[in-house]
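Residues per chain, in single letters:
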Amino acid sequence: MADQTHVLFVEDDDVIREATQLALERDGFVVTAMPDGLSGLEAFRADRPDIALLDVMVPGLDGVSLCRRIRDESTVPVIMLSARADSIDVVLGLEAGADDYVTKPFDGAVLVARIRAVLRRFGHAGGGRAEEPDGPASGGMLAFGDLEVDTEGMEVRRAGQPVALTPTEMRLLLEFSSAPGTVLSRDKLLERVWDYGWGGDTRVVDVHVQRLRQKIGQDRIETVRGFGYKLKA
């Protein structure tokens, strides 16, 4: 049940913060709402929430910097909130380690759906209970050159050294490793990894692919222009 899920919400606009908190609480979420980045970081460290919603433009410590601080300490899912759909806002947030973003003004039902979608792929059954990831590849060790993917232990090694991936990056790699050499479109990856049952922003995919490349090797995932990406077998 969603009533076991603890949400950290950082938003400096009093009206938006209070209205969104009430809406989330009506859906059964436990919400800690903070007006600035520094208090948000303190709350994160004290409460260890299941998910963080961070507005990009908050005082003290902006949302992008806060996301980086959280990502340095945890793989907890992060959704960025932005009043603009500008590429700079979106890309900066995703490059900082955010898993998704929502543009303001947003519909409460859409926000709740996105929260639940993120929690599902992070192994939370809506209530913070950890479950086994249900990635497409399962049941063994896969090797691609110097890259090894343990689909049971959810571990990755490159040249024998462990590679730290966020859950979203791991699910993305599982999709690629389940069909090496097969081109996967951005829309298909949005559907499978981000659980989008509707059209989404493909920049989410592009930034996560780039982050994954930095960790497993720039040449391991190939861009097929006009179609998508594929993992080199």
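Residues numbered from 1 in each chain as written. Predicted model: local features only at pLDDT ≥ 70, side-chain atom pairs only at ≥ 80, totals over all residues. Heavy atoms only, no water.

Asks: What is the right way to look at the nonpolar core in this model?
Replies: Side chains of a nonpolar character, in soluble globular proteins, are inclined to be buried together. Within the largest apolar cluster, 48 residues are counted, with the highest numbers of intra-cluster contacts made by Leu54, Met80 and Phe176. Residue contributions to this core peak at six residues, all from helix α8 (residues 203-216). Leu24, Val31, Val112 and Ile115 belong to the second largest nonpolar core, which has 16 residues in total. (Core = buried A, V, L, I, M, F, W, Y, C linked by side-chain atoms within 4.5 Å. Buried < 20%, exposed > 50% of the residue type's maximum accessible area, 1.4 Å probe, protein only. Helix = DSSP H or I, 4+ residues; strand = E, 2+ residues; numbered from the N terminus.)

Asks: I keep staring at the confidence of the model for the protein and nothing clicks. Help me out?
Replies: Note: predicted coordinates in regions of low pLDDT should not be interpreted at a detailed level. When the pLDDT values of the protein are averaged, the result is 87; 88% of them are 70 or greater. Note that pLDDT drops below 50 for residues 125-138; the model gives that stretch 29 contacts with residues more than four away or on any other chain. (pLDDT = per-residue confidence, 0-100. Contact = heavy atoms within 4.5 Å.)

Asks: Please explain the sheet that holds strand β8 (residues 155-158) as it appears in this structure.
Replies: Across a sheet, paired strands are connected by hydrogen bonds in the backbone, their directions being either parallel or antiparallel. One open sheet holds the four strands; their spatial order is β6-β7-β8-β9, and the pairing between them is antiparallel. If you trace the sheet from one side to the other, it starts and ends with β6 (141-144) and β9 (161-163), each paired once. Within this sheet the neighbouring strands show an average axis-to-axis angle of 25 degrees, counted without direction. Alignment of β6 against strand β7 (residues 147-150), held across four bridges, turns out to be antiparallel. Note that in β7 the partner of methionine 141 across the bridge is aspartate 150. Along the sheet, helix α6 (residues 167-178) makes contact with β6, β7 and β8, crossing β7 at roughly 105 degrees. (Pairing = 2+ DSSP bridges. Axes fitted to C-alpha atoms, helices over the stretch in contact; angles between N-to-C directions.)

Asks: Where do I start with the sheet that holds strand β5 (residues 100-103) in this structure?
Replies: Here five strands make up an open sheet; going across it, the order is β2-β1-β3-β4-β5 and the pairing parallel. At either end of the open sheet lies a strand with only one pairing partner, and these are β2 (30-34) and β5. Neighbour-to-neighbour, the strand axes of the sheet open up by a mean angle of 20 degrees, direction not taken into account. Note that strand β3 (residues 51-55) and strand β4 (residues 78-82) share four bridges and pair parallel. Bridge pairing in β4 links alanine 52 to valine 78. In this fold helix α5 (residues 108-121) packs onto β3, β4 and β5, with an angle of close to 180 degrees to the strand it touches most, β5.

Asks: Explain the pairing of β7 here, please?
Replies: Along any regular strand the residues' side chains alternate between the sheet's two faces. Taking the residues between adjacent antiparallel strands as the criterion, β6 and β7 are bridged by two residues, where glycine 145 takes a positive phi near 65 degrees. Here β7 pairs with β8 via four bridges, running antiparallel. Counted as the bridge partner of valine 149 is valine 156 from β8. Between β7 and β8, which pair antiparallel and follow one another directly, the connecting turn spans four residues, one of which, methionine 154, has a positive phi of 55 degrees.

Asks: Honestly, the packing of α6 against α8 in this entry has me stumped. Any pointers?
Replies: Two packed helices can be described by the angle between their axes and the distance between those axes. The N-to-C vectors of α6 and α8 enclose an angle of 85 degrees; their axes lie 10 Å apart at closest approach. Taken together, the axis directions place α6 and α8 in an arrangement best described as roughly perpendicular. For the pair α6 and α8, contact is made by Thr168, Glu169, Leu172, Leu173 and Phe176 and by His208, Val209, Arg211, Leu212, Lys215 and Ile216, respectively. Class assignment for the residues of the contact of α6 with α8 results in six nonpolar, two polar and three charged. (Parallel < 35°, antiparallel > 145°, perpendicular 65-115°, else oblique. Nonpolar A, V, L, I, M, F, W, Y, C, P; charged D, E, K, R; others polar.)

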